[in-house]
Amino acid sequence: MWKDILGQESAINILKKTIKQNRLGTSYLFFGPDGVGKTKTAKELAKVCNCQSIVGEQEDSCGRCSPCYKIEQDIHPDVKIIKPASIHFLISQIQDLQKEVYTTPFEGKKKVYILDKIDKMTTEAANAFLKTLEEPPANVLFILVTSSLEVLLPTIISRCRPVKFNLLPEGIQTRIFPEWGLEPTRFHLLAQASGGSLGRAKEYLEKGIFEHQAKLSNEIENIFKKDNSFLLISKIATQIVDFYKKENIELFLEIFLVWLKQSVNFINLYQAIDIVIETQKAIRFQNANLQLVIEVMFIKLKEIGKG
Ligand SMILES: [Zn+2]
């Protein structure tokens, strides 16, 4: 939802207005400094295009339906974030893109291609891509993202509607978190866990989830330290399920992912993320037994933790 993006009111207002007036273009160019929410905003726009709960010219996504969830997790088949495969985009990446843009969406309303670091295109790749921009397929939205506008081909720029992103107002979190009664030592985890989203940070705090997670973290660490930890795993899984219940269990997994990313020293992060995402899918789409699914997740994580 748009409220999850901080400090980019002017960019978001432009987008909301075009959606409301039903004048969404085929290609946009999001430009501005790194780390201020350009890709996040692109994903939000993809959600608005594909959200199941949207009626008419409503300009915000629900953030809860299956397409919104899949886009957030980068697993929606019609919404792709494409980055340079090496130091540059390869010409084959552009050719692959050209082959698939003219097919109809798999399950969504609109295919959205977010091309991140579009400045990393060789002239050859850019010229190939230009052809696609000049003959835009129906039901496709291109969002080009860059922090270096000056190196783009002018012909590419002229084909897109530009949206400018600004530096975030300084200390957006350090200003707001104390108002919520949060101690400075906890800023970091909360800021990380909420991905720079104040809306989400507030939700975590209000539900007491952040407090609970802080206590749980030590125990979870013990799973990896102790040899025979099945009883501990079972106990922790019970605590998690009792506290979060089915309706909030995905919040637990989101925060847990952030915690894992900070614990790379004893675990293979890429494998670990896969395991957590599998768990998310099992819960969301397979109506699985929560206790069992969480236990299995910890057992699998412990296995890769040894290596
Ligand atoms: Zn939705």
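Residues numbered from 1 in each chain as written. Predicted model: local features only at pLDDT ≥ 70, side-chain atom pairs only at ≥ 80, totals over all residues. Heavy atoms only, no water.

A. Quick peek at the overall build of the protein chain. Summing up its helical and strand segments, the protein chain has 13 helices and five strands in all. Its C-alpha atoms give the protein chain a radius of gyration of 21 Å, within 12% of the compact-globule value 19 Å for 307 residues. Each principal axis of the C-alpha distribution contributes one length, and for the protein chain these read about 60 × 45 × 40 Å. Taking all 307 residues of the protein chain together, the buried fraction comes to 48%. Sequence-distant contacts in the protein chain: of pairs separated by 6 or more residues, those separated by 24 or more amount to 73%. As presented, the protein chain carries roughly 15,400 Å² of accessible surface, and 52% of it is formed by carbon and sulfur atoms. With 40 positive and 36 negative side-chain charges, the protein chain shows a separation of 2 Å between the mean positions of the two kinds. (Helix = DSSP H or I, 4+ residues; strand = E, 2+ residues; numbered from the N terminus. Rg over C-alpha atoms; globule rule 2.2 N^0.38 Å. Buried < 20%, exposed > 50% of the residue type's maximum accessible area, 1.4 Å probe, protein only. Contact = heavy atoms within 4.5 Å. Areas by Shrake-Rupley, 256 points an atom, 1.4 Å probe, with all protein chains shown as cover. Lys, Arg positive; Asp, Glu negative; His and termini not counted. Charge placed at Lys NZ, Arg CZ, Asp CG, Glu CD.)

B. Examining unusual backbone geometry more closely. The backbone phi angle of Asn 22 is positive, close to 60 degrees, even though this residue is not glycine. Within the secondary structure, Asn 22 sits in the loop between α1 (9-20) and β1 (27-31). With a relative accessible area of 58%, Asn 22 lands in the exposed category. If you check the backbone angles, Lys 117 has positive phi at about 55 degrees while not being a glycine. With respect to the helices, strands and loops of the structure, Lys 117 is situated in the loop between β3 (111-116) and α5 (123-134).

C. Highlighting the sheet that holds strand β2 (residues 79-82). Strand order in the open sheet made by the five strands is β2-β3-β4-β1-β5, with parallel pairing throughout. One side of each edge strand has no neighbouring strand; the edge strands of this open sheet are β2 and β5 (161-164). Averaged over neighbouring strand pairs, the angle between their axes works out to 20 degrees when direction is ignored. In this sheet, β5 lies alongside β1 in parallel orientation, the contact comprising four bridges. Across the sheet, Phe 30 pairs through a bridge with Val 163, a residue of β5. On the sheet, α1 packs against β1 and β5 and is oriented at approximately 145 degrees with respect to β5. (Pairing = 2+ DSSP bridges. Axes fitted to C-alpha atoms, helices over the stretch in contact; angles between N-to-C directions.)

D. Geometry of the side chain of Glu 250. Assignment of secondary structure puts Glu 250 in helix α11 (residues 230-261). Within polar-contact distance, the side chain of Glu 250 engages the side chain of Arg 284 at 3.1 Å. Here Glu 250 is in contact with Tyr 69 and Arg 284, once residues within four sequence places are set aside. (Polar contact = N/O pair within 3.5 Å; in protein donor to acceptor, adjacent residues only side chain to side chain.)

E. Molecular detail of the coordination of the zinc ion. Listed as protein donors to the zinc ion are Cys 51 (SG), Cys 62 (SG), Cys 65 (SG) and Cys 68 (SG); their distances from the metal cover 2.3 Å. Donor residues for the zinc ion, ordered by position in the chain, follow C-x10-C-x2-C-x2-C. Residue Cys 51 is located in the loop between α2 (38-50) and α3 (66-72), and its partner Cys 65 is located in the loop between α2 and α3; the two are separated by 14 residues in the primary sequence. Residue classification places Cys 51 among the buried positions, given a relative accessible area of 1%. (Donors = N, O, S within 2.8 Å, 3.2 Å for Na, K, Ca; no water.)

F. Structural view of the domain arrangement of the protein chain. Each assigned domain of the protein chain is listed with its residue range as follows: domain 1 (2-164) and domain 2 (207-306). Using only C-alpha atoms to locate each centre, domain 1 and domain 2 end up separated by 33 Å. Every contact between the two is made by seven residues of domain 1 and, on the other side, five residues of domain 2. Summed over both partners, the interface of domain 1 with domain 2 comes to about 540 Å²; 53% of that surface belongs to carbon and sulfur atoms. Broken down residue by residue, the surface that domain 1 buries against domain 2 is led by Tyr 69, Gln 73 and Ile 75, which jointly contribute 78%. Where domain 1 meets domain 2, there are one residue pair in polar contact (both at pLDDT 80 or more). The class makeup of the residues in the side of domain 1 that touches domain 2 is three nonpolar, two polar and two charged. (Domains from an automatic or database assignment. Buried area = accessible area lost by both parts, 1.4 Å probe. Nonpolar A, V, L, I, M, F, W, Y, C, P; charged D, E, K, R; others polar.)

G. Representation of helix α4 (residues 91-101) within the structure. Among all positions in α4, only Gln 93, Ile 94, Leu 97 and Val 101 are buried. Viewed end-on, α4 has its buried residues packed into an arc of 95 degrees, placing them on one side of the element. Elements in contact with the buried residues of α4: β2, β3, α5 and β4 (140-146). (Arc of directions from axis to C-beta.)

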